[in-house]
Amino acid sequence: MGSGEPNPAGKKKKYLKAALYVGDLDPDVTEDMLYKKFRPAGPLRFTRICRDPVTRSPLGYGYVNFRFPADAEWALNTMNFDLINGKPFRLMWSQPDDRLRKSGVGNIFIKNLDKSIDNRALFYLFSAFGNILSCKVVCDDNGSKGYAYVHFDSLAAANRAIWHMNGVRLNNRQVYVGRFKFPEERAAEVRTRDRATFTNVFVKNFGDDMDDEKLKEIFSGYGPTESVKVIRDASGKSKGFGFVRYETHEAAQKAVLDLHGKSINGKVLYVGRAQKKIERLAELRRRFERLRLKEKSRPPGVPIYIKNLDETIDDEKLKEEFSSFGSISRAKVMVEVGQSKGFGVVCFSSFEDATKAVDEMNGRTVGSKPLHVTLGQARCRW
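Residues numbered from 1 in each chain as written. Predicted model: local features only at pLDDT ≥ 70, side-chain atom pairs only at ≥ 80, totals over all residues. Heavy atoms only, no water.

Formally: UniProt positions are given in the numbering used here, feature names are shortened, and annotations may be inferred rather than shown by experiment.
The chain appears in an unreviewed UniProt entry as Polyadenylate-binding protein 5 from Nyctereutes procyonoides. Here the chain is described in UniProt, under the heading Function (unreviewed entry), as follows: "Binds the poly(A) tail of mRNA. May be involved in cytoplasmic regulatory processes of mRNA metabolism. Can probably bind to cytoplasmic RNA sequences other than poly(A) in vivo." Its UniProt record gives the chain a comment under Subcellular location (unreviewed entry), which states: "Cytoplasm".

Now the structure itself:
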């Protein structure tokens, strides 16, 4: 590229510096309302409200793209926490590269906040320590939940904020300010600490006839207990699990080692350290991520669902019956203990092929039964 030619990469970088993220938006805010709000700050390229790709309902945030970075910076410095539709919005630089956010560098956590401290107050309290990328007081329908996050553009700024603000009294409440930790990291710390000190034991997979007294009888042989509880549903029936809290860690550990996997009344018990809420949430996140990756690896397509299948129809026969309508990425008959459950799914590569198959095959007899065929959602889930 010659020296006199424009630099597309440079133009894109300049353009991105002129884009602002607008958060905490009222659901009724439109692109036109954003445009009218920010147009006095300088010429705009466009505004955008982000929406759910399926329902098209607003997600509560959007973007304002200025022509000139100086105008965007002026808006960020003077309009942050202004009102649209009576609700204050949050501004921050648009971050097309989210590696900084995901790394957690420069991110701090604040708790024990007085409910009167909102996003605006939080921003001005911590802006003295460095450039803030984003800050947010976590709220529910009743207002502040008493904790918040502030993300600085550098680790040094975050460390300054922690050094100066941790233990400070704000509105007569002593706040905790510390390094932000991802849920998995906090869960690992809790798990490591709790393994050496736990006294609460989780028990599951016992029969419906188990009550508090019987459970205490089984577990009291390992040491004095503080409480024993079988968890029951609204009707009073045992849910098949419960908790035993010992006075000492040694007794709890001995019960886990001795009773886990032991058969009682034909039931093999699970006995383990009772997990804290943060550990359970971290495990759910890991499961969700595994399912998400598994879902992502499945072939895309448009599924149709077939009910009332003859018992003789297997995967190959199902695919053969529907292959004349178009390209099929997969066909599956649902089975249980080796027997057909009477329904299945066929995934076509195009919407047109899928709808044609539904029109032609719904009500057609295959084997000895008339099929019931309907159109599914956008991705196969099997």
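1. Focus: the pattern of salt bridges
Heads up, the condition is: Should a side-chain nitrogen of Lys or Arg be within 4 Å of a carboxyl oxygen of Asp or Glu, the pair is scored as a salt bridge. Strands are runs of DSSP state E lasting at least two residues, helices are runs of H or I lasting at least four, and both sets are numbered from the N terminus onward. Accessible area is worked out with a 1.4 Å probe on protein chains only. A residue is then buried under 20% of its type maximum, exposed over 50%, and partly exposed in between.
Counted under the stated rule, the structure contains 9 salt bridges. With a shortest N-O distance of 3.9 Å, aspartate 82 and lysine 37 are connected by a salt bridge. Taken as a pair, aspartate 82 in the loop between helix H3 (69-79) and strand S4 (83-84) and lysine 37 in helix H2 (residues 31-38) lie far apart in primary sequence, 45 residues in all. With relative accessibility at 23%, the residue aspartate 82 sits in the partly exposed group. A salt bridge links lysine 317 to glutamate 321, with the shortest nitrogen-to-oxygen separation between them at 3.2 Å.

2. Quick notes on the environment of arginine 330
Within the secondary structure layout, arginine 330 lies in strand S20 (residues 328-336). For the pair arginine 330 and proline 303, spaced 27 residues apart in sequence, the C-alpha to C-alpha distance is 9.2 Å.

3. Describing the packing of aromatic side chains
Note the threshold: Centre distance within 6.5 Å is the pairing criterion for rings of Phe, Tyr and Trp, where only the six-membered ring of Trp is used; planes under 30 degrees apart are then read as stacked, over 60 as edge-to-face, and the remainder as tilted. Charge-over-ring placement is defined geometrically: NZ (Lys) or CZ (Arg) within 6 Å of the ring centre, and within 35 degrees of the ring normal.
Following the criterion strictly, the structure yields 17 aromatic pairs and no others. Taking the centre distance of 6.4 Å and the plane angle of 90° together, the rings of tyrosine 61 and tyrosine 63 count as edge-to-face. Overall, tyrosine 63 belongs to the partly exposed group, its relative accessible area being 21%. Seen from the ring of tyrosine 176, lysine 111 lies directly overhead, with NZ or CZ sitting 5.3 Å from the centre. The ring of tyrosine 270 has lysine 204 lying over it, and the distance from NZ or CZ to the ring centre is 5.1 Å.

4. Concerning the nonpolar core
Burial of nonpolar side chains together is a common tendency in soluble globular proteins. The criterion, for reference: Residues belong to one nonpolar core when they are buried, are Ala, Val, Leu, Ile, Met, Phe, Trp, Tyr or Cys, and are joined through side-chain atoms within 4.5 Å. Contacts are assigned to residue pairs with any non-hydrogen atoms lying within 4.5 Å of each other.
One finds Ile108, Ile110, Leu113, Leu122, Phe126, Val150 and Phe152 to be the most contacted residues of the largest nonpolar core, which totals 22 residues. Of all the secondary structure elements, the ones that give two or more residues to this core are strand S7 (107-111), helix H5 (119-126), strand S8 (132-140), strand S9 (143-152) and helix H6 (155-165). Counting residues per element, this core draws most heavily on H6, which supplies 4 residues. Among residues more than four places away in sequence, those in contact with leucine 122 are Ile110, Leu113, Ile117, Cys135, Lys136, Val137, Ala148, Tyr149 and Val150.

5. Regarding the sheet that holds strand S15 (residues 238-246)
Strand pairing in a sheet relies on backbone hydrogen bonds, with the paired strands running either antiparallel or parallel. Put simply, the rule reads: Pairing between strands requires that DSSP locate at least two bridges from one strand to the other. Structural elements are reduced to axes, namely lines fitted to C-alpha atoms, with helices fitted over the stretch in contact, and the angle between N-to-C directions of any two is expressed from 0 to 180 degrees.
Taken in spatial order, the 4 strands of this open sheet run S14-S15-S13-S18, and their pairing is antiparallel. Edge positions in the sheet fall to strand S14 (225-232) and strand S18 (270-273), since each of these pairs with one other strand and no more. Going from strand to strand, the sheet's axes swing by 20° on average, the running direction of each strand aside. Set on the sheet, helix H8 (residues 212-219) makes contact with strand S13 (200-204), S14, S15 and S18; between it and S14 the angle comes to about 135°. Contacting S13, S15 and S18, helix H9 (residues 249-259) crosses the sheet at an angle of about 150° to S18.

6. Looking at the confidence of the model for the chain
For the record, the criterion: Values of pLDDT, ranging from 0 to 100, describe the predictor's confidence in every residue of the model.
In this model, the chain carries an average pLDDT of 83, and 86% of its residues clear a pLDDT of 70 or more. Averaged over each element, pLDDT in the chain is lowest for helix H1 (residues 8-17) (45) and highest for H2 (93). Here residues 1-15 is a poorly scored stretch, pLDDT under 50, and it has 8 contacts once near neighbours within four places are set aside; other chains count. Here residues 378-382 is modelled with pLDDT under 50, and outside its nearest four sequence neighbours on either side it reaches 20 contacts, counting other chains as well.

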